[in-house]
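Observations on the three-dimensional arrangement
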Amino acid sequence: MARLLSLLGTRTQLRRDVLGYMFIAPWLIGFIIFTAGPMVGLVYLAFTRYPVLSPPTFNGLDNLDRMLGDRFFRISLWNTAYFTFLGVPAQVVWALLLALLLNMRVHGVNVFRTLYYLPTIIPGVASVFLWMYIFNPDYGLANYILSLFGIPGQAWLWDPELSKPSLIIMELWRVGTMMVVFLAGLQGVPQSLYDAAAIDGAGLFAQFRHVTVPMITPLIFFNLVVGIISSFQIFTAAYIATQGGPVHTTLFYVLFVYRHAFENLRMGYASLLAWVLFFIILVFTIVQFRMARIWVFYEVE
Amino acid sequence: MGVLRSGIRPFSSVLASNTVRYALLIFGGVICFIPLGWMLSTSLKMPGTEFIFPPNLIPRPVVWSNYIDAVTRPGHPFFLYTRNSVVITLSATLGTVLTSSFVAFGFARIRFRGRDFWFIVLLSTLMLPDVVRLIPSFILFKLLGWIDTLLPLIVPFWFGVNAFYVFLIRQYFRTIPLELDEAALMDGAAYVRIYWQVILPISGPVLGAVTIFSVLSHWNDFLGPLIYTNSVDLRTLALGLRFFMSRTGTDWNQLMAASILMLAPILALFFSMQRYFIRGIHMTGFGGR
C-alpha cells in the first residue's frame, strides 16, 4: 500500500512536471531560439570575421586587437560615459523635483500629474524631431528663449561643446517614469515622521534632507540603476538628429556598434563590441548593488 | 484612492498659500508643456512661417492643410505606414499578452521540478542589453529568410521574449488563492480551462498594464523596423517620419502634423486607460520607453 502511495506521489509530481513544462513551453522555446542560441552564436562570432555576405571565418583575437587600437571605440565609450554620468543624475534630481511638486495637497493635482507625464508617452522619434526644431540655430525656440534674456543664440546639437548637453536636456523632458516612481515613494513616507521632525524644529529643507531623502533611497537607487542601463543604450537621438556628429561628439556606443554591424557589415567585430557593452553594464550594475549597501536605507518590516 | 493621504502638510508653514503651490505646479507644467505646445503650434502654421525669427508662438492664420499634406505626400503612403504600425502593434501585443500570461500561469501556479531554476533564467534575461540580442537575431532572421518582412517584429513576441511581462503577471497571479485550481487532480485540459476561464477574467489590472506598455513600445519602436525592414511598403510610422527630412530641407509643419497624428492614438489610449497605466508604473517602475 505504501509503495503504491509513493508511486502515486511520483505520478502526481510527474503529472505536475508535464503540465508545468507545457505552460512554460512557449517561453522556453522562445528562450532557446531567440535568446540562448543567439547568445552562443554571438560568442563565436566575436572571434570571427563576418562580412554578412560571406560566411564567418575564424580569426582568433583579431577583433580584440582591433578594438584596443580603435580610436572610435574610446571616443564612443567616453561620449556614452559623459552622457550617462551627467545625464542620469540630472534626470533623477529633476524627476524628484517634479514628484515633490505633484505630491502637494491641492485640488486638481491630478491634472498636473497627467500633464507632467505626457511628454514621456511621445514616440521617441517624434520627440527627437521636435527637439531638432527647437534647437535649430537659425529659427529655433531655444534661441528665442535665450534672446529674451539677452543671451546670444547657440548652435546646440551642431556645436561640439553643446551637443551632448543638448541631448541631456532633451532626455530631461521625458523623465515621467522616474517621476511616477518617486511619487509613489513620497506617498509612502509616513506623516508621523514629518510631524516628529517638525516638533524637533526641522524646517522645510531639514525635513527633506533628514526624512524624505532617507526614506526614498531605495527608489533613488532603483531609478539610478534603471536609468544608467537605459542611458548606456542611447541610440535613436544620435542616429537621427546628429548622426554621431559634430566631430564624433555624439558617437555613442550603440550607434558605434550599429554602424559596424549594419553599415560597415563587420558583424564579427560588432559582436565583440556588443559583448563588451554587456559586460560594462553587468559590472556597473554589480558595483551599484555593492555601493547600495552603504547608502540605501531599507525599512525593516 | 489614498493618493493625497500624506501630502506634505508640515511643509505648509512655508508653502502656506495655495497660490504659491499652484504657481509652482503651473511653472513645472509650462516647462513640460512648452515643447508639446510648440509641436501643435508648428503643425498649424502656414508653410513658410515656421522659419520666421523671432517665432510666432501662436499660429496666425491657423491652417489645417499641413495635416492633409502630411498624409498625402507623394511617394510616402502615410496610411500604409499607419496600417503597418497597427498590424505590428496589435499582433505583437496580442502575442505578448496571451503567451506571457500562459507562461506566468505555469510559473505561478504549478509546482513542477526545475521551476525555480527556469524562473531565475527568465529573470536574468532582463539584464541583457537589446544590442546584444540584435546582431545574432538579425543573423537568425536572415537565415530564416525573414528579413524585409514584418515577422521579426511580431513572431518573437508570441514566445514570451519580454521576460519582464511574464514576471509582472506571475507576481499578480500569485496573489490569487491557489484553492481555485488545486481543488482536484486535473488533466492538462482542465488546467488550460482554469487559466482561461478563472484566472484571466480576474486579472484585468495586470493585463491592462501589460497591454499598454506593449502597445507603447511597439508603436514607438524605431530600431527594430530600421534593422529588419527595407521596403517602403513595410515602413512603420516611426520610420516614415524620417522622410519628412531631407538634404534640401525639412517640412517642419508637415513633420509636426504627422507626429501629432502618430501621437493621437497613443494619447487616446493613455487617457482612456490612465488608471491601469499609473498603477502599472507603480507596480513596475517601468513605462513607455
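Scoring rules and cut-offs
- Residues numbered from 1 in each chain as written.
- Chains lettered and ligands numbered in written order.
- Predicted model: local features only at pLDDT ≥ 70, side-chain atom pairs only at ≥ 80, totals over all residues.
- Helix = DSSP H or I, 4+ residues; strand = E, 2+ residues; numbered from the N terminus.
- Rg over C-alpha atoms; globule rule 2.2 N^0.38 Å.
- Buried ≥ 20, exposed ≤ 12 C-beta atoms within 10 Å, placed from the backbone.
- Domains from an automatic or database assignment.
- Contact = placed C-beta atoms within 7 Å.
- Nonpolar A, V, L, I, M, F, W, Y, C, P; charged D, E, K, R; others polar.
- Core = buried A, V, L, I, M, F, W, Y, C linked by C-beta atoms within 7 Å.
- Axes fitted to C-alpha atoms, helices over the stretch in contact; angles between N-to-C directions.
- Parallel < 35°, antiparallel > 145°, perpendicular 65-115°, else oblique.
- Left-handed = near helix turned anticlockwise from the far one by under 90°.
- Expected span 1.5 Å × (residues − 1).
- pLDDT = per-residue confidence, 0-100.

1. Some words on the overall build of chain A
- Secondary structure assignment for chain A yields 14 helices and 2 strands.
- Taken against the 2.2 N^0.38 rule, which gives 19 Å for 301 residues, the C-alpha radius of gyration of chain A at 25 Å runs more than 25% over that of a compact globule.
- Viewed in the frame of its principal axes, chain A has a C-alpha envelope of about 80 × 65 × 35 Å.
- Out of the 301 residues belonging to chain A, those deemed buried represent 40%.

2. Topic: the domain arrangement of chain B
All names here are of chain B.
- Per the domain assignment, the segments making up chain B are domain 1 (2-71) and domain 2 (78-284).
- Counting residues at the interface gives 12 residues for domain 1, matched by 11 residues for domain 2.
- Elements with a contribution of two residues or more to the side of domain 1 that touches domain 2: helix H1 (18-43) and helix H2 (65-71).
- For the side of domain 1 that touches domain 2, the leading source of residues is H2, giving 5 residues.
- Looking at side-chain class alone, the side of domain 1 that touches domain 2 contains 6 nonpolar, 3 polar and 3 charged residues.

3. A word on the nonpolar core
- Within the largest apolar cluster, 117 residues are counted, with the highest numbers of intra-cluster contacts made by Val257 of chain A together with Leu241 of chain B.
- When residues no more than four places from it in sequence are discounted, the contact partners of Leu241 of chain B are Val125, Ala126 and Phe129 of chain A together with Leu255, Ala258, Ser259 and Met262 of chain B.
- Counting residues in each nonpolar core, the second largest holds 23 residues, with Leu101, Leu102, Met179 and Ile220 of chain A among its members.

4. Observations concerning the interface of chain B and chain A
- Each partner contributes to the interface: chain B provides 88 residues, whereas chain A provides 81 residues.
- With 14 residues, H1 of chain B is the single largest residue contributor to the side of chain B that touches chain A.
- Here the residues of the side of chain B that touches chain A sort into 59 nonpolar, 19 polar and 10 charged.

5. Observations concerning the packing of helix H5 (residues 124-134) of chain A against helix H12 (residues 252-272) of chain B
- Taken N-terminus to C-terminus, the directions of H5 of chain A and H12 of chain B make an angle of 150°; their axes are 10 Å apart at the nearest point. For the element pair H5 of chain A / H12 of chain B, the angle class is roughly antiparallel. H12 of chain B is crossed by H5 of chain A, and the crossing has left-handed handedness. Contact residues: H5 of chain A offers Ala126, Phe129, Leu130 and Tyr133 of chain A, while H12 of chain B offers Trp252, Leu255, Ser259, Met262 and Leu263 of chain B.

6. Regarding the domain arrangement of chain A
- Each assigned domain of chain A is listed with its residue range as follows: domain 1 (2-45) and domain 2 (64-295).
- For domain 1 of chain A and domain 2 of chain A, the distance between their C-alpha centres works out to 39 Å.

7. Quick word on the packing of helix H3 (residues 71-102) of chain A against helix H7 (residues 163-172) of chain A
Residue and element names in this part refer to chain A.
- In contact at an axis separation of 9 Å, H3 and H7 are set at 35° when each is read in the N-to-C sense. Along this stretch, H3 crosses H7, giving a crossing that reads as right-handed. Contacts from Asn79, Tyr82, Phe83, Leu86, Gly87, Ala90, Gln91 and Trp94 of H3 reach H7 at Lys164, Leu167, Ile168, Glu171 and Leu172.
- For the contact of H3 with H7, the residue count by class is 8 nonpolar, 3 polar and 2 charged.

8. A few points about unusual backbone geometry
- That bond from Phe53 of chain B to Pro54 of chain B is cis: its omega, -5°, falls within 30 degrees of zero.
- Within the secondary structure layout, Pro54 of chain B lies in the loop between H1 and H2.
- Residue Arg60 of chain B is joined to Pro61 of chain B through a cis peptide bond whose omega torsion reads -5°.
- One non-glycine residue, Val52 of chain A, adopts positive backbone phi at about 65°.
- Mapping Val52 of chain A onto the fold places it in the loop between strand E1 (48-49) and strand E2 (57-58).
- Of note in this structure, Trp156 of chain A is not a glycine but carries a positive phi near 45°.

9. Some thoughts on helix H6 (residues 163-173) of chain B
- Burial within H6 of chain B is extensive, with 8 of its 11 residues counted as buried.
- Those residues of H6 of chain B that sit buried are Ala163, Tyr165, Val166, Leu168, Ile169, Arg170, Tyr172 and Phe173 of chain B.

10. Focus: the environment of Leu130 of chain A
- In this fold, Leu130 of chain A is placed in helix H5.
- Along the primary structure Leu130 of chain A and Ala46 of chain A are separated by 84 residues, whereas in three dimensions their C-alpha atoms are 38 Å apart.
- Not counting residues within four places of it along the chain, the set of residues in contact with Leu130 of chain A comprises Pro35, Met39 and Ser259 of chain B.

11. Focus: helix H5 (residues 130-144) of chain B
All names here are of chain B.
- Spanning 15 residues, H5 covers 20 Å between terminal C-alpha atoms, matching the ideal 21 Å at 1.5 Å per step.
- Among the residues of H5, Val131, Val132, Arg133, Leu134, Ile135, Pro136, Ser137, Phe138, Ile139 and Phe141 are the ones counted as buried.
- Looking one or two residues beyond H5, the residue adopting positive phi is Gly145, at roughly 75°.

12. Comments concerning the confidence of the model for chain B
All names here are of chain B.
- Taken residue by residue, chain B gives an average pLDDT of 84. The fraction at 70 or more is 87%.
- Mean pLDDT values for the elements of chain B range from 61 in helix H7 (residues 179-182) up to 95 in helix H3 (residues 78-109).
- The low-confidence segment residues 1-10, where pLDDT is below 50, has 17 contacts with residues more than four positions distant or belonging to other chains.
- Overall, residues 285-289 carries pLDDT values under 50, and its contacts beyond four positions in sequence, including any with other chains, amount to 16 contacts.
- Interface scoring of the predicted complex returns ipTM 0.85; its pTM is 0.87.

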